[in-house]
Amino acid sequence: MREAEIIVPFQVFAYEELPADDRELVDMAKAMTATSYSPYSHFRVGAALRLADGQVFKGSNQENAAFPSGLCAERTAFFAASANAPEVAPVAVAIAAQTGGTFLENPVAPCGACRQSLLEAETRFKQPIRVLLYGTCGIYVIQSLRDLLPLTFDGSELP
Ligand code: THU
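This text gives an overview of the structure that appears in the document. (Residues numbered from 1 in each chain as written. Predicted model: local features only at pLDDT ≥ 70, side-chain atom pairs only at ≥ 80, totals over all residues. Heavy atoms only, no water.)

**Side note on the site of the ligand**
Here comes step 1: As a matter of local geometry, the ligand sits amid Ser41, Phe43, Val45, Asn61, Glu63, Cys72, Ala73, Glu74, Ala109, Pro110 and Cys111.
Here comes step 2: Between an oxygen atom of the ligand and a side-chain N or O atom of Glu63, the distance comes to 2.5 Å.
Here comes step 3: Between the ligand and Cys111, the relevant distance is 2.9 Å, taken from an oxygen atom to a main-chain nitrogen or oxygen of the residue.
Here comes step 4: Within the complex, 76% of the 380 Å² of free accessible area of the ligand lies under protein.
Here comes step 5: For the shell around the ligand, the secondary structure elements donating two or more residues are strand E2 (43-51) and helix H2 (73-84).
Here comes step 6: Looking at the shell around the ligand residue by residue, the classes come out as 7 nonpolar, 2 polar and 2 charged. (Near = heavy atom within 4 Å. Polar contact = N/O pair within 3.5 Å; in protein donor to acceptor, adjacent residues only side chain to side chain. Areas by Shrake-Rupley, 256 points an atom, 1.4 Å probe, with all protein chains shown as cover. Helix = DSSP H or I, 4+ residues; strand = E, 2+ residues; numbered from the N terminus. Nonpolar A, V, L, I, M, F, W, Y, C, P; charged D, E, K, R; others polar.)

See below:
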């Protein structure tokens, strides 16, 4: 056997260091936490997804008494984008979360299903999606969805 490892590159920014359009996307993700419907988890997540033509689609998590019927903020935004602008590549997504009225200190981590969903668009449009994860202590910037989902299943092996 041999050891192998996968290294995940990302940058950590202070809010003021971000370019203006990234700051705007983060601001929108933060604002969207206000629209979260999360009476069960009390975990309010907001997402903002920018497309290559500049359009932004926004989402927040939407829960349900039958738990699996709810949906995460990222997929709410992404599916809205994909339904309304199906031919335009997503290029960046910002995510923020708060609980107990306070934004998380450490950057919020998107769940596996959201990573896999967004990867579909990255694969389809052959264009990386930058991921901005907001925390009060800093913002993680990941340059590609693929970096967040190593050993990817992207359908390329399907017949
Ligand atoms: N949630 C998101 O909206 N995005 C994530 O990536 C992580 C989890 C939501 C789902 C559920 O409404 C709540 O956070 C607790 O898991």
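**Focus on the environment of Asn106**
Here comes step 1: Tracing the chain through its elements places Asn106 in the loop between strand E5 (102-103) and helix H3 (112-125).
Here comes step 2: Classification of Asn106 by relative accessible area gives exposed; the value is 52%.
Here comes step 3: In this structure the C-alpha to C-alpha distance between Asn106 and Val26, which are 80 residues apart in sequence, comes to 14 Å.
Here comes step 4: If we skip the residues at most four places from it in the chain, Asn106 touches Tyr134, Gly135 and Cys137. (Buried < 20%, exposed > 50% of the residue type's maximum accessible area, 1.4 Å probe, protein only. Contact = heavy atoms within 4.5 Å.)

**With respect to the side chain of Ser144**
Here comes step 1: Summarising the element assignment, Ser144 is placed in the loop between strand E7 (138-142) and helix H4 (145-148).
Here comes step 2: Side chain to side chain, Ser144 and Glu122 meet in a polar contact 2.9 Å long.
Here comes step 3: Sequence-distant contacts of Ser144, that is, excluding residues within four places in its chain, are made with Glu122, Pro128 and Ile129.

**Section: the environment of Thr35**
Here comes step 1: Structurally, Thr35 is set in the loop between helix H1 (20-32) and E2.
Here comes step 2: Through-space distance from the C-alpha of Thr35 to that of Gly59 is 8.2 Å; in sequence the pair is 24 residues apart.
Here comes step 3: Filtering out sequence-adjacent residues up to four positions away, Thr35 remains in contact with Arg44, Ser60 and Gln62.
Here comes step 4: A distance of 2.7 Å separates polar atoms of two side chains, one belonging to Thr35 and the other to Ser60.

**Here's the deal with H3**
Here comes step 1: Between the first and last C-alpha of H3 there are 20 Å, a value that for 14 residues agrees with the 20 Å anticipated at 1.5 Å per step.
Here comes step 2: What H3 keeps buried is the set Cys114, Arg115, Ser117, Leu118, Leu119, Ala121 and Glu122.
Here comes step 3: Looking at the packing, one finds that the buried side of H3 touches E2, H2, strand E4 (90-99) and H4.
Here comes step 4: Immediately downstream of H3, the backbone of Lys126 shows phi near 50 degrees, a positive value. (Expected span 1.5 Å × (residues − 1).)

**A word on the environment of Pro86**
Here comes step 1: For Pro86, the position within the fold is in the loop between H2 and E4.
Here comes step 2: Exposure remark for Pro86: the relative accessible area of 37% places this residue in the partly exposed category.
Here comes step 3: Along the sequence, Pro86 and Ala121 sit 35 residues apart, while their C-alpha atoms lie 9.9 Å from each other.
Here comes step 4: When sequence neighbours within four positions are dropped, the list of residues in contact with Pro86 reads Ala81, Arg124 and Phe125.

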